[in-house]
Amino acid sequence: MKGKKLAIACPKLDDTEPYIEKIAEILKNNTIYSLTVAIMEVPCCSGLYRIVQEAVEKSGKAIAIRKIVIGIDGEIR
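Residue indices follow the written sequence of each chain, beginning from 1 at its first position. Local features in this predicted model are restricted to residues whose pLDDT is 70 or higher, and side-chain atom pairs enter the listing and the counts only when it is 80 or higher, whereas totals over whole chains, interfaces and linings include all residues. Side-chain metrics in this entry use all non-hydrogen atoms of the structure; hydrogen atoms and water are not considered.

(A) The arrangement of helix α1 (residues 17-28) in detail. Numbering goes from the N terminus for both helices and strands, where a helix is a DSSP run of H or I of at least four residues and a strand is a run of E of at least two. Each helix should span, by expectation, one fewer than its residue count multiplied by 1.5 Å. An ideal rise of 1.5 Å per residue puts 16 Å on twelve residues; α1 measures up with 17 Å between its terminal C-alpha atoms. Of all the residues in α1, the buried ones are Ile 20, Ala 24 and Leu 27. All buried residues of α1 fall inside an arc of 65° around its axis, so they share one side. On its buried face, α1 is in contact with β1 (34-40) and α2 (46-59). For each residue, the accessible area found with a 1.4 Å probe, counting protein chains only, is set against the maximum for its type, and the residue is called buried under 20%, exposed over 50%, and partly exposed in between. By definition, the arc is the one covered by directions from the helix axis to the C-beta atoms. Whether two residues touch is decided by their heavy atoms; if any such pair falls within 4.5 Å, the residues are in contact.

(B) Representation of the pairing of β1 within the structure. Pairs of strands are assigned from DSSP output, requiring at least two bridges between the strands. Sheet analysis places β1 next to strand β2 (residues 64-70), joined by seven bridges and oriented parallel. Bridge pairing links Val 37 to Lys 67 in β2. Between β1 and its parallel partner β2, the chain crosses via α2, and the hand of that crossover is right-handed. Handedness of a crossover: with both strands directed away from the viewer, a clockwise path from the first strand across the helix to the second marks it as right-handed.

(C) Structural context of a nonpolar patch on the surface. Residues Met 1, Leu 6 and Ile 8 make up a contiguous nonpolar surface patch of about 430 Å² in total accessible area. For Leu 6, the position within the fold is in the segment before α1. Nonpolar side chains (Val, Leu, Ile, Met, Phe, Trp, Tyr) are joined into patches within 5 Å and like charges within 9 Å, using only residues with over 30% relative accessible area and no salt bridge. The method behind every accessible area is Shrake-Rupley, applied with a 1.4 Å probe, and residues are considered shielded solely by the protein chains displayed. Each salt bridge in this description consists of a side-chain nitrogen of Lys or Arg and a carboxyl oxygen of Asp or Glu lying within 4 Å of one another.

(D) Looking closely at the environment of Arg 50. Structurally, Arg 50 can be placed in helix α2. Residue classification places Arg 50 among the partly exposed residues on the basis of a relative accessible area of 47%. Taking the C-alpha atoms as reference points, Arg 50 and Pro 11, separated by 39 residues in sequence, lie 9.6 Å from one another.

(E) Main features of the side chain of Ser 59. As for its position among the elements, Ser 59 is in helix α2. At 2.7 Å, the side chain of Ser 59 and the backbone oxygen of Val 56 are in polar contact. Those residues in contact with Ser 59 that sit more than four places away from it in its chain are Ala 24, Leu 27 and Lys 28. Pairing of N or O atoms within 3.5 Å defines a polar contact, subject to two protein rules: one partner must be a possible hydrogen donor and the other a possible acceptor, and residues neighboring in sequence count only if both atoms are side-chain atoms.

(F) Layout of the nonpolar core. For our purposes a nonpolar core is just a set of buried Ala, Val, Leu, Ile, Met, Phe, Trp, Tyr and Cys residues, chained together by side-chain atoms within 4.5 Å. Grouped together as the largest cluster of nonpolar side chains are 14 residues, with contacts concentrated most on Val 37, Ile 39, Leu 48 and Val 56. Residue assignment for this core shows that the elements contributing at least two residues are α1, β1 and α2. Per-element tally for this core: the top contributor is α2, with six residues. Leaving out residues up to four positions away in the same chain, Ile 39 has contacts with Cys 45, Ser 46, Leu 48, Lys 67, Ile 68, Val 69 and Ile 70.

Here you go:
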């Protein structure tokens, strides 16, 4: 992942409001062209994608978001 940064979060177990604020601040204060959100194929993980969407909206920037879903069998969809 040369040239990339990684953040890990769990929308089921954590308070997500600070995530939205922190991601929005990172986006506001840096030049970021796109985000890739990798989630597992379980209902609670889809919340992570929504967190990122909210943060991008809050940042006021137009940033492309790509979603990768990892199936319960390990297959990438």
